[in-house]
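# Notes for the structure review
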Amino acid sequence: MRAEGPFFDELTVGQVFPPAPGLTLTDGLAAAHQAIVGNRLALSLDGELARAVTGGDRPASPALVWDVAIGQSTVATRNVKANLFYRGLWFRRVPVIGDTLRTSTAVAALRQNRSRPGRAPTGLAALRITTVDQQNRPVLDFWRGAMLPLRDPAGSTGHDDDVGRAGAEAREADLAGLTGSWNLEAFAGSGPGAPALAPGDVIEVAGGDVVSSAPELARLTLNVAQVHHDAAAAGGSRLVYGGHTIGLALTQAARALPSLVTVAGWHSCDHLAPVREGDTLHSTIEVESLAPRPGGAVAGLRSRVFSSAAPGAEQVLDWRFVAILA
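The following paragraphs examine the structure supplied in this document. (Residues numbered from 1 in each chain as written. Predicted model: local features only at pLDDT ≥ 70, side-chain atom pairs only at ≥ 80, totals over all residues. Heavy atoms only, no water.)

### A short note on the pattern of salt bridges
Enumeration according to the criterion identifies 16 salt bridges in this entry. The shortest N-O distance in the salt bridge between Arg58 and Asp27 comes to 2.3 Å. A residue pair is termed long-range when its members are at least 10 positions apart, and Arg58 in the loop between helix H2 (47-54) and helix H3 (62-73) and Asp27 in helix H1 (residues 27-37) qualify at 31 residues. Looking at Arg58, the relative accessible area reads 21%, which means it is partly exposed. (Salt bridge = Lys/Arg side-chain N within 4 Å of Asp/Glu carboxyl O. Helix = DSSP H or I, 4+ residues; strand = E, 2+ residues; numbered from the N terminus. Buried < 20%, exposed > 50% of the residue type's maximum accessible area, 1.4 Å probe, protein only.)

### Here we look at the side chain of Asn39
Residue position: Asn39 is located in the loop between H1 and H2. Classification of Asn39 by relative accessible area gives buried; the value is 14%. One polar contact links the side chain of Asn39 to the main-chain amide nitrogen of Leu41, over a distance of 3.0 Å. Among the polar contacts listed, one links the side chain of Asn39 to the side chain of Ser44, at a separation of 2.8 Å. The contact partners of Asn39, leaving out residues within four places of it in the chain, are Gln34, Ser44, Leu45, Ser61 and Thr251. (Polar contact = N/O pair within 3.5 Å; in protein donor to acceptor, adjacent residues only side chain to side chain. Contact = heavy atoms within 4.5 Å.)

### As for the packing of H3 against helix H7 (residues 242-256)
The contact between H3 and H7 brings their axes to 10 Å, and the two run at 170°. As far as their axial angle goes, H7 and H3 are roughly antiparallel. Residues Pro62, Ala63, Trp66 and Asp67 of H3 touch H7, and the partners they reach there are Gly243, Ile246 and Leu250. In the contact of H3 with H7, the residues fall into 5 nonpolar, 1 polar and 1 charged. (Axes fitted to C-alpha atoms, helices over the stretch in contact; angles between N-to-C directions. Parallel < 35°, antiparallel > 145°, perpendicular 65-115°, else oblique. Nonpolar A, V, L, I, M, F, W, Y, C, P; charged D, E, K, R; others polar.)

### Section: H7
Because an α-helix completes one turn every 3.6 residues, residues spaced three or four positions apart along the sequence face the same direction. Taking 1.5 Å as the rise per residue, H7 with 15 residues should run 21 Å; its terminal C-alpha atoms sit 22 Å apart, in good agreement. Counting buried residues in H7 gives 13 out of 15 residues, a clear majority hidden from the surface. (Expected span 1.5 Å × (residues − 1).)

### Quick word on the nonpolar core
Formed by 73 residues in total, the largest nonpolar core has its most connected members in Trp66, Leu140, Trp266 and Trp319. Ala76, Leu110, Leu127 and Val227 belong to the second largest nonpolar core, which has 16 residues in total. (Core = buried A, V, L, I, M, F, W, Y, C linked by side-chain atoms within 4.5 Å.)

### Considering the environment of Ser73
Residue placement: Ser73 occurs in helix H3. C-alpha of Ser73 to C-alpha of Ser104: the two residues are 31 residues apart in sequence and 6.9 Å apart in space. Filtering out sequence-adjacent residues up to four positions away, Ser73 remains in contact with Thr103, Thr105, Ile129 and Arg144.

### With respect to H3
In this model, H3 (12 residues) spans 17 Å end to end at C-alpha, consistent with the 16 Å of a helix rising 1.5 Å per residue. Here H3 lies mainly inside the structure; 12 of its 12 residues are buried.

### Comments concerning the environment of Val205
Structurally, Val205 can be placed in the loop between strand E7 (202-204) and strand E8 (209-210). Judged by its relative accessible area of 7%, Val205 falls in the buried class. Distance in space between the C-alpha atoms of Val205 and Leu257 is 9.7 Å, their sequence separation being 52 residues. In this view, Val205 contacts Gln252, Arg255, Ala256, Ser283 and Ile285; residues no more than four positions away in its chain are not counted.

### Some thoughts on the pairing of strand E6 (residues 138-149)
Of all the 12 residues making up E6, 10 are buried; the element is thus mostly covered by neighbouring parts of the structure. Here strand E3 (residues 82-91) runs beside E6; their pairing, made up of 7 bridges, is antiparallel. Across the sheet, residue Phe91 finds its bridge partner in E6, namely Leu140. Where strand E5 (residues 122-132) and E6 come together, 11 bridges link them in antiparallel fashion. The residue bridging Val132 from the neighbouring strand is Pro138, located in E6. Count of turn residues in the E5/E6 antiparallel hairpin: 5 residues, of which Asn136 carries a positive phi of about 65°. (Pairing = 2+ DSSP bridges.)

Put into structure tokens, the structure is as follows:
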């Protein structure tokens, strides 16, 4: 008997996986996560500020929340070769420290990749991931695209779904319900304030961040994908969990934009090249849209992340997200 995750040719559309253990968002968990990917979102760091802005408890960092949800979803992708994309990740509520996250994972679409000489056969699975809290209130609902090997090296599944359309029906965050009651004026008075921004602006974030403690982050977030833990499963060199790269990208965005209050969701996120422990990541932030709201603004931002370890500082991430600014 061998305990291992499913292969591509063992998946079926509509299949739902048994849930991973629920995970309570504690101060210790948040501190360990911050030590690995950083966190400069003041609302998740300052309890007094959180009460002044939200009227309630201190929110968890959005990066911690999505890292846990993605990690819990890896019950379906223990054998993953690579995670290629995320689509339509939108917050339905803002979890606070003390909440417990539980995640279910279902197969939404399957497409077997074309065979290539000298390469083992693979397929692409679009997974729909739904996260709720301890009261069964919706927290996240999104899609993830994962490439998996076939168990049968000569197998042909016939799967040919349009995986690229995964998440096309995603409903964006209800910003009025999510943060509409927040007092952003209280946040704006707590720091250096927002730089003057306009659509089309591109900000180069000075200084990079080294990728460290990669397997620790995977363990912390219940991520069981073998390629993040076992070099042999990754062809000789472990791959960094995608949430690690995204978390560092958010830290760099908050460093450039100290008025960044929180992230409401993502339109898309594409992993363009692998990242490994020891790489140093740099990013640029493009302002794609900017809409005023009481006390602040809603910004559509695009983060492009580059690895100095790759030839010519290859781009490794293309992340389009929506942020609340004060």
